[in-house]
Amino acid sequence: MKEDWMHLARERDKDDSLTGMGERFEHPPGPDGRRAAYLTGHSLGLLPRTARDLVAEEFADWAQYAVEGHTRARRPWVSYHEQLTPLIARVVGAQEDEVVVMNSLTANLHLMMVSFYRPTAQRHAIVIEKGAFPSDRYAVVSQLEYHGYKAGDVLIEIEPREGESCVREEDVEAVLAREGERVALVLWPGVQYLSGKAFDLARIARAGHTAGAMVGFDLAHAVGNIALDLHGTGVDFAVWCSYKYLNGGPGAPGGCFVHERHARDFRGPRFTGWWGHDKAARFAMEPDFVPIPTAEAWQLSNPPILALAPLLASLRVFGDVGISALRERSERLTGTLYDALAVELGEAVDILTPEEPQARGCQLSIRVKRPRDQARAVFDELMAKGIIVDWREPGIIRLAPVPLYNTHVDCARAVEGLREALYDVGT
Ligand SMILES: Cc1ncc(COP(=O)(O)O)c(C=O)c1O
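Predicted model, so just to flag it, every value in this text is computed and none were measured.

**Student:** Can you explain the site of the ligand? Please cite residues and give values.
**Tutor:** The environment of the ligand is made up of L105, T106, F133, D136, D218, A220, H221, Y243 and K244. Take D136: an N or O atom from its side chain is 3.1 Å from a nitrogen atom of the ligand. Note that an oxygen atom of the ligand is positioned 2.9 Å from one of the side-chain N or O atoms of K244. Protein contact buries 81% of the 400 Å² of open area that the ligand shows by itself. For the shell around the ligand, the residue count by class is 4 nonpolar, 2 polar and 3 charged.

**Student:** Describe a nonpolar patch on the surface, naming the residues involved and giving the relevant values.
**Tutor:** Judged by side-chain polarity, F59, W62 and L306 come together as a nonpolar surface patch covering roughly 320 Å² of accessible area. Locating F59 in the fold gives a position in helix α2 (residues 50–65).

**Student:** Just give me the short version of the pattern of salt bridges, but keep the residues and values in it.
**Tutor:** All chains considered together, the criterion is met by 33 salt bridges. Connected via shared salt-bridge partners are E57, E58, D61, R74 and R75.

**Student:** Which residues make up the state of the cysteines, and what values do they have?
**Tutor:** Tallying each qualifying case throughout the model produces 0 disulfides. Among the cysteines around C241, which has no disulfide bond, C256 carries the closest sulfur, lying 13 Å off.

**Student:** So what about the packing of helix α8 (residues 169–179) against helix α9 (residues 201–210)? Which residues, and what values?
**Tutor:** It is at 9 Å that the axes of α8 and α9 come closest, and there the two elements cross at 5 degrees. In terms of their interaxial angle, α8 and α9 are classed as roughly parallel. Where α8 abuts α9, its residues E169, E170, V172, E173 and L176 lie against R203, I204, A207 and G208. Looking at the contact of α8 with α9 residue by residue, the classes come out as 4 nonpolar, 1 polar and 4 charged.

What counts, and where the lines are drawn
- Residues numbered from 1 in each chain as written.
- Predicted model: local features only at pLDDT ≥ 70, side-chain atom pairs only at ≥ 80, totals over all residues.
- Heavy atoms only, no water.
- Near = heavy atom within 4 Å.
- Polar contact = N/O pair within 3.5 Å; in protein donor to acceptor, adjacent residues only side chain to side chain.
- Areas by Shrake-Rupley, 256 points an atom, 1.4 Å probe, with all protein chains shown as cover.
- Nonpolar A, V, L, I, M, F, W, Y, C, P; charged D, E, K, R; others polar.
- Patch = residues over 30% accessible without salt bridge, like charges linked within 9 Å, V, L, I, M, F, W, Y side chains within 5 Å.
- Salt bridge = Lys/Arg side-chain N within 4 Å of Asp/Glu carboxyl O.
- Helix = DSSP H or I, 4+ residues; strand = E, 2+ residues; numbered from the N terminus.
- Disulfide = S-S within 2.5 Å.
- Axes fitted to C-alpha atoms, helices over the stretch in contact; angles between N-to-C directions.
- Parallel < 35°, antiparallel > 145°, perpendicular 65-115°, else oblique.
- Contact = heavy atoms within 4.5 Å.

Any functional reading would require information that these geometric values do not contain.
Right, here's the structure in full:
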């Protein structure tokens, strides 16, 4: 090792006032029984300790009140989701009337495309990134087909330049300047799931709007990870899931942003359900739909209380710490990981994620270049050492030090483990 990263990491953890935050989460053990270095919050966040209590309280209220829990539970079920609204609004940089916690990411994406993909004879193309997360592409293609188009004719996919891992913002602008007249919708990620690149979202929204298109964001890897200002970007809609950086638990309800200029008075097509209907008149059981004048108008069904409780627990932690303090710590952690990887292992691994902190979240994606055919063995060895990372085809290892619960020592353990694994497979 060129530097004593473990010593440096201990010093940095000591100096960091947020190091103790990790105690508010339950950390899985590694194979040797000691606490794993869990670097996979980009896939599934850890369990917030208070989630157990909040779920247990719902069981208790269900047992005690049964149907009357809708109004008599300590957190009445009929309005339960509203407690999450101010918390999530702060996380995504939105007004409270612009956000709603509901459904899952792909379901919300479909609901949003029903409202915001409105093709005409001249303008019907959708712009996405080549290599978009498959569920997004499936959803987009099915919407195109639903409107009678073929993906081959109207799906525009933008890819990174030859030899690069990430699409550049200027290339999105260039495509929209060239093809904009036929584009109805731009769907873009906040943070790209494979490379970890964080996009300049204001710039993407501006480019789409200048071309005359609607713009939506998939924030699966951005929410709870980078500082967002959705309202300020002017984007038309955004969707996200809550099981990654938001720590809502496996399959946790996702969320949706609709800019206030649409949320308050929307005249376009919308798939509706009773939970989007005017709250004051919901139980009048009238046949005609009267939308809530907020993003809640897109809700279909009454909320899943047991699934929302862990998310409420986690969002309270975000509320306590604040996203900007988290982001500052995130830059310190990922900066340490980046430097250690580059200095110690630059010969053997490529870092695919941009080096500039503003162009990435906490995740770094690496590819073993030497020996390339042993990349999977390197990953397996890391896992066996209790360094929990993940593997994504084609041959990419993703590591994400999450500022809520990871430490600089976790980063140092990952680099040390990777160095040993590379040595063992023969570098
Ligand atoms: C970028 C991205 N989009 C979409 C999804 C699909 O999410 P869901 O299964 O919640 O619909 C995921 C899931 O990991 C994702 O990472």
